[in-house]
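Observations on the three-dimensional arrangement
Listed below, chain by chain, are the residues.
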Amino acid sequence: MTIQTTGIHHVTAFVRNPQVTADFYAGVLGLRLIKKTINFDAPEVYHLYFGNEAGSPGTIITFFPWENSRKGKVGGGQVGYTTYVVPTDAFDFWKERFVKLNVDFTETARFGEQYLQLEDPDGLLLEIVAREQGTNSQWSFGGVPAEKAIKGFGGAILYSTASAATANTLVNVMGLEKIGEEGGYARFKASGDLGNIIDVNIESMPLGHGGSGTVHHIAWRAKDDIEHAQWRNQVEGSGFLPTPIIDRQYFNAIYFRETGGILFEIATDPPGFARDEDAEHLGEKLMLPAWYEGRRHDIEQLLTPFDIRVLEADK
Ligand code: ZN
């Protein structure tokens, strides 16, 4: 192993309704919609990206909202919890906010840290932790001022069907360091300051199944295209079968399934979300890659409009 990821680039999940998703991730969580585009493999489905003000790597959660999708089951071979990190003085703000907005949550502790665990409207498992690490978000929305806002990902809990193999891949392929074991989880750390703390179940879990309310894949950061090519070699040299490098418009991607069943992507930091929109106006218009631009009218007819709106309770 010669290269190491600094942490999570993005997490991609399945949901059903774009408005419900926008009302939760922008309305409740205060994230910015930083890109409204389509699933490049299925143009009748949106691909929505939410993150900090710029959609920085380590802050981005993306969704394919598909109204008729079956309900998934969170389980082995998936990201179990997606962990958001907030400033150290914002933990109580979020607790009070969830109470005010009638969002059910439970409070739990792991590795000496307090977590608020909750579900999004489709059942996707999320948690909030407060840490010093990570730059504060510059984005204020509705009832969430920038100084209390989610900074990005703290990390994730991976649910593996082959925990020892997943741990081995995190350390020996992705370059994370194992830093502890507690309460049924092993903890791994990457060198970045966001999306860098990854917990994995020590006892292997039975397979979940994909569908709404589940994570489809977790993407790890590659610094640039040169490092990305090295990543592909490193993954292949470790016995996995990575895809060719795929142009995802805002980053380049390779994918491989690790032995514990979780779909890993490695995504480049550049070019980022300001490549086709002004940074001031990210996410306001439907953006299509050049190869779909000729079909814009038809594609727009297939997509249900939705709004980014402040919740009534925050007005
Ligand atoms: Zn991805």
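Residues numbered from 1 in each chain as written. Predicted model: local features only at pLDDT ≥ 70, side-chain atom pairs only at ≥ 80, totals over all residues. Heavy atoms only, no water.

This part takes up the nonpolar core. Counting residues in each nonpolar core, the largest one holds 70 residues, and the members touching the most others are Tyr25 and Leu29. Looking at this core element by element, the count peaks at 5 residues for helix α1 (residues 18–28). When near neighbours in sequence (up to four residues on either side) are disregarded, Leu29 contacts Phe24, Tyr84, Trp94, Phe98, Leu126, Val144 and Ile150. Within the second largest apolar cluster, 13 residues are counted, among which are Ile34, Tyr49, Phe251 and Met287. (Core = buried A, V, L, I, M, F, W, Y, C linked by side-chain atoms within 4.5 Å. Buried < 20%, exposed > 50% of the residue type's maximum accessible area, 1.4 Å probe, protein only. Helix = DSSP H or I, 4+ residues; strand = E, 2+ residues; numbered from the N terminus. Contact = heavy atoms within 4.5 Å.)

So, about the sheet that holds strand β5 (residues 78–86). The 8 strands are arranged β6-β7-β8-β5-β9-β12-β11-β10 in an open sheet whose pairing can be described as mixed. Two strands lie at the open edges of the sheet, namely β6 (105–110) and β10 (177–182), each paired on one side alone. If you compare each strand with its neighbour and ignore which way they point, the axes differ by 25° on average. Each of β9 (152–159), β10, β11 (185–189) and β12 (197–201) is contacted by helix α3 (residues 163–172), which is oriented at about 160° to β12, the strand it contacts most. (Pairing = 2+ DSSP bridges. Axes fitted to C-alpha atoms, helices over the stretch in contact; angles between N-to-C directions.)

Take the side chain of Ser137 next. Relative to the assigned elements, Ser137 resides in the loop between β8 (125–130) and β9. From its side chain, Ser137 meets the backbone nitrogen of Trp139 in a polar contact 3.0 Å long. The contacts of Ser137, once residues within four sequence positions are left out, are Asn52, Glu53, Ala146, Ala149, Ile150 and Lys151. (Polar contact = N/O pair within 3.5 Å; in protein donor to acceptor, adjacent residues only side chain to side chain.)

By themselves these figures say nothing about function.
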